[in-house]
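# Summary of structural features
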Amino acid sequence: MKPSLERPDESQAAIDGEDTPLPISWTARAERVMAQPFAAERGRELFTAVWRADRQGMALTPIEANRLAGHFDFVLVPAAQAVIGQDEAGDYLLVVLEGRLSVDRVQGDGSRVRLAEAHAGDLLGEMALLDAGARFSACTTLTPCVLAVLDARRLEALMASEPRLALALLASLARRLSLRLRQVSTRLSALLAGG
């Protein structure tokens, strides 16, 4: 039996002593951020282009990349919309196909610290999709953005129906997370050495 990527229901969470809220679904978020459907054919073209340009991605043929894209939804989100909220539970990841987003850590006083800007080819929300934990940062569109969206239910369907494509996606996520961990480790080492 393969493990589920979805969060347990509230009653199971209560039994386990967890206070983690149920994930915010993309369907709920899409309504809040005024996301509009984006042409699937054009979305697949953009997805295939950014996938094949990514050095962290596992090599796929253009046909395979296009098939992988078929498991995503494509949306257009206006500027100044919070597509991921800090500290909320989430069950979807976003691939930036066009546009720019801020990745900020909101401080206790409400101020924001800019961690990064996301551009075409960047993934957002992958950690919460994989571990069902709270989102670390807030992601807000700086310009109108075309995004590819994959939620936990579709990821499970992808793993069942197209294991090679699921492996390519998960390998890309693992490489990106490893790279991010190395960057954090380097910064931490520099801080510890200096202080």
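Position numbers for residues start from 1 in each chain and track the written sequence from start to end. Predicted model: local features are reported for residues with pLDDT of at least 70 only, side-chain atom pairs are reported and counted for 80 or more only, and whole-chain, interface and lining totals are derived from all residues. Where side-chain values are given, they derive from all heavy atoms of the structure, hydrogens and water being excluded.

## What about the sheet that holds strand β6 (residues 112–118)?
- Strand pairing follows a simple DSSP-based rule, namely that at least 2 bridges must link the two strands. By the criteria applied, helices consist of DSSP H or I runs no shorter than four residues and strands consist of E runs no shorter than two, each listed in order from the N terminus. Pairing in this open sheet of four strands is antiparallel, and the strands run β3-β8-β5-β6 from one edge to the other. This sheet does not close on itself; its edge strands, each paired only once, are β3 (82–84) and β6. Each adjacent strand pair in this sheet contributes to an overall mean axis angle of 35°, direction not counted. Every angle, taken between N-to-C directions, lies between 0 and 180 degrees, and every axis is a line fitted to C-alpha atoms, over only the stretch in contact when it is a helix.

## Concerning the sheet that holds strand β9 (residues 145–151)
- With respect to topology, five strands assemble into an open sheet ordered β1-β2-β9-β4-β7, the strand pairing being antiparallel. Whereas interior strands pair on both sides, the edge strands pair on one side only; in this sheet they are β1 (36–37) and β7 (123–124).
- In terms of strand pairing, strand β4 (residues 92–98) meets β9 through six bridges, oriented antiparallel. Bridge pairing in β9 links E98 to V146.
- Across the sheet, helix α6 (residues 152–161) touches β2 (73–77) and β9, and the angle it forms with β9 is around 65°. The criterion used for residue contact is that any of the two residues' heavy atoms lie within 4.5 Å.

## As for the nonpolar core
- Ranked by internal contacts, the top residues of the largest apolar core, which has 26 residues, are F47, W51, L68, F72, V95 and L97.
- At the level of elements, α3 (40–53), α4 (62–69), β4, β9, α6 and α7 (163–194) are the ones that each hand at least two residues to this core.
- No other element matches α7, which puts five residues into this core.
- Setting aside anything within four residues of it in sequence, one finds L68 in contact with F47, W51, L60, L158 and L165.
- Formed by 19 residues, the second largest nonpolar core is a distinct cluster that contains Y92, L94, C139 and V149. Within this scheme, the nonpolar core is defined by two criteria: the residues are buried Ala, Val, Leu, Ile, Met, Phe, Trp, Tyr or Cys, and they are joined through side-chain atoms within 4.5 Å. A 1.4 Å probe rolled over the protein chains alone gives each residue an accessible area, and that area as a share of the maximum for its type sets the label: buried under 20%, exposed over 50%, partly exposed in between.

## Description of the packing of α6 against α7
- In contact at an axis separation of 5 Å, α6 and α7 are set at 130° when each is read in the N-to-C sense. What the angle tells us is that α6 and α7 run oblique. Contacts between α6 and α7 involve L155, L158, M159, A160 and S161 on the former and, on the latter, P163, L165, A166, L169 and L170. If an angle is under 35 degrees, it is roughly parallel; if it is over 145, roughly antiparallel; if it lies from 65 to 115, roughly perpendicular; otherwise it is oblique.

Keep in mind these numbers describe shape, not what the thing actually does.
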